[in-house]
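# Examining the three-dimensional arrangement
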Amino acid sequence: MITYRILAKGPIETDHARFVIVDDNEALLQVWRRVFSSESNCACLLTSSPTRALQEIEVHGADILLTDFEMPEMNGAELATQVKLISPETRIFFTTGQV
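Residues numbered from 1 in each chain as written. Predicted model: local features only at pLDDT ≥ 70, side-chain atom pairs only at ≥ 80, totals over all residues. Heavy atoms only, no water.

## Considering the overall build of the protein
For the record, the criterion: For helices the rule is a DSSP run of H or I covering at least 4 residues; for strands it is a run of E covering at least 2, with both sets numbered from the N terminus onward. Any two residues whose heavy atoms approach within 4.5 Å are treated as being in contact. Surface accessibility in these figures is a Shrake-Rupley result with a 1.4 Å probe; residues are shielded only by whichever protein chains are displayed.
Tallying secondary structure elements over the protein gives 3 helices and 6 strands in all. Scanning the protein from its N terminus toward the C terminus, one meets helices and strands in the order β-β-β-α-β-α-β-α-β. Residue pairs in contact within the protein that sit at least 24 positions apart in sequence constitute 64% of those at least 6 positions apart. As displayed, the protein has an accessible area near 6,000 Å², and 54% of this comes from carbon and sulfur atoms.

Encoded structure:
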């Protein structure tokens, strides 16, 4: 089990956590797949489609959303706004390859 501490929000226990990871870069999704394959106690959906991520979160919920910020279909801020409407308890983290 991995435990992360994010600012003052408190620990995030990943044991049995449901992650949704969204990135339009397939190579990065493969990296995330390898990272989470060692975490057998958590569920992880990896997708390049923000729309699919929204559908999954609406049906199954998510403890943590990790999303790329710059994507062609919908950017990370737009995705985060939609996720908070349907799942306000989901914690959201952004990644970007833009410098």
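What follows continues from the structure just given.
## Details of the packing of aromatic side chains
Inclusion rule: The aromatic pairing rule takes the rings of Phe, Tyr and Trp, using the six-membered ring of Trp, and pairs them if the centres are within 6.5 Å, calling planes under 30 degrees apart stacked, those over 60 edge-to-face and the rest tilted. Classification of residues uses two cut-offs on accessible area relative to the type maximum, computed with a 1.4 Å probe and protein chains only: under 20% is buried, over 50% is exposed, and between them is partly exposed.
The tally for this structure, following the rule as stated, stands at 3 aromatic pairs. When the ring of Phe19 is compared with that of Phe36, the centres are 4.6 Å apart and the planes differ by 55°; the resulting orientation is tilted. With a gap of 17 residues between them, Phe19 in strand β3 (residues 18-22) and Phe36 in helix α1 (residues 26-37) connect regions that are remote in the sequence. Judged by relative accessible area, Phe19 falls into the buried class, the value being 6%. Taken together, the ring pairs connect Phe19, Trp32 and Phe36 into an aromatic cluster.

## Examining helix α3 (residues 76-86)
This is how the line gets drawn: Here the arc refers to the set of directions running from the helix axis out to each C-beta atom. The term polar contact refers here to a pair of N or O atoms within 3.5 Å; inside protein, the definition further demands a hydrogen-donor-capable atom paired with an acceptor-capable atom, and it admits residues adjacent in sequence only when both atoms are side-chain atoms.
By the burial criterion, the buried members of α3 are Gly76, Leu79, Ala80 and Val83. For α3, the angular spread of the buried residues around the axis is 100°, confining them to a single face. Buried residues along α3 sit in contact with β3, α2 (50-60), β5 (64-68) and β6 (91-95). Where α3 begins, the side chain of Asn75 points an oxygen toward the backbone nitrogen of Ala77, at a separation of 2.9 Å.

## Section: the sheet that holds β3
For the record, the criterion: Only when DSSP finds a minimum of two bridges between them are two strands counted as paired. To obtain an axis, a line is fitted to C-alpha atoms, over the contacting stretch when the element is a helix, and the angle between two such axes runs from 0 to 180 degrees between their N-to-C directions.
If you walk across this open sheet you meet the 4 strands as β4-β3-β5-β6, and the pairing is parallel. Two strands lie at the open edges of the sheet, namely β4 (43-47) and β6, each paired on one side alone. Taking each pair of neighbouring strands and ignoring which way they run, the sheet shows an average axis angle of 15°. Pairing geometry for β3 and β5, over 4 bridges, is parallel. Looking at the pairing, Val22 lines up with Thr67 of β5. Lying on the sheet, α1 is in contact with β3, β4, β5 and β6; it crosses β4 at an angle near 170°.

## Some details on the confidence of the model for the protein
As a reminder of what qualifies: Confidence of the prediction at every residue is given by pLDDT, a number between 0 and 100.
Per-chain confidence: the protein averages 84 in pLDDT, with 82% of residues scoring 70 or above. Model confidence for the protein, summarised as mean pLDDT per element, is weakest for strand β1 (residues 3-5) at 41 and strongest for α2 at 96. For the stretch residues 1-8, pLDDT sits under 50, and the model shows 19 contacts to residues farther than four places along the chain or on other chains.

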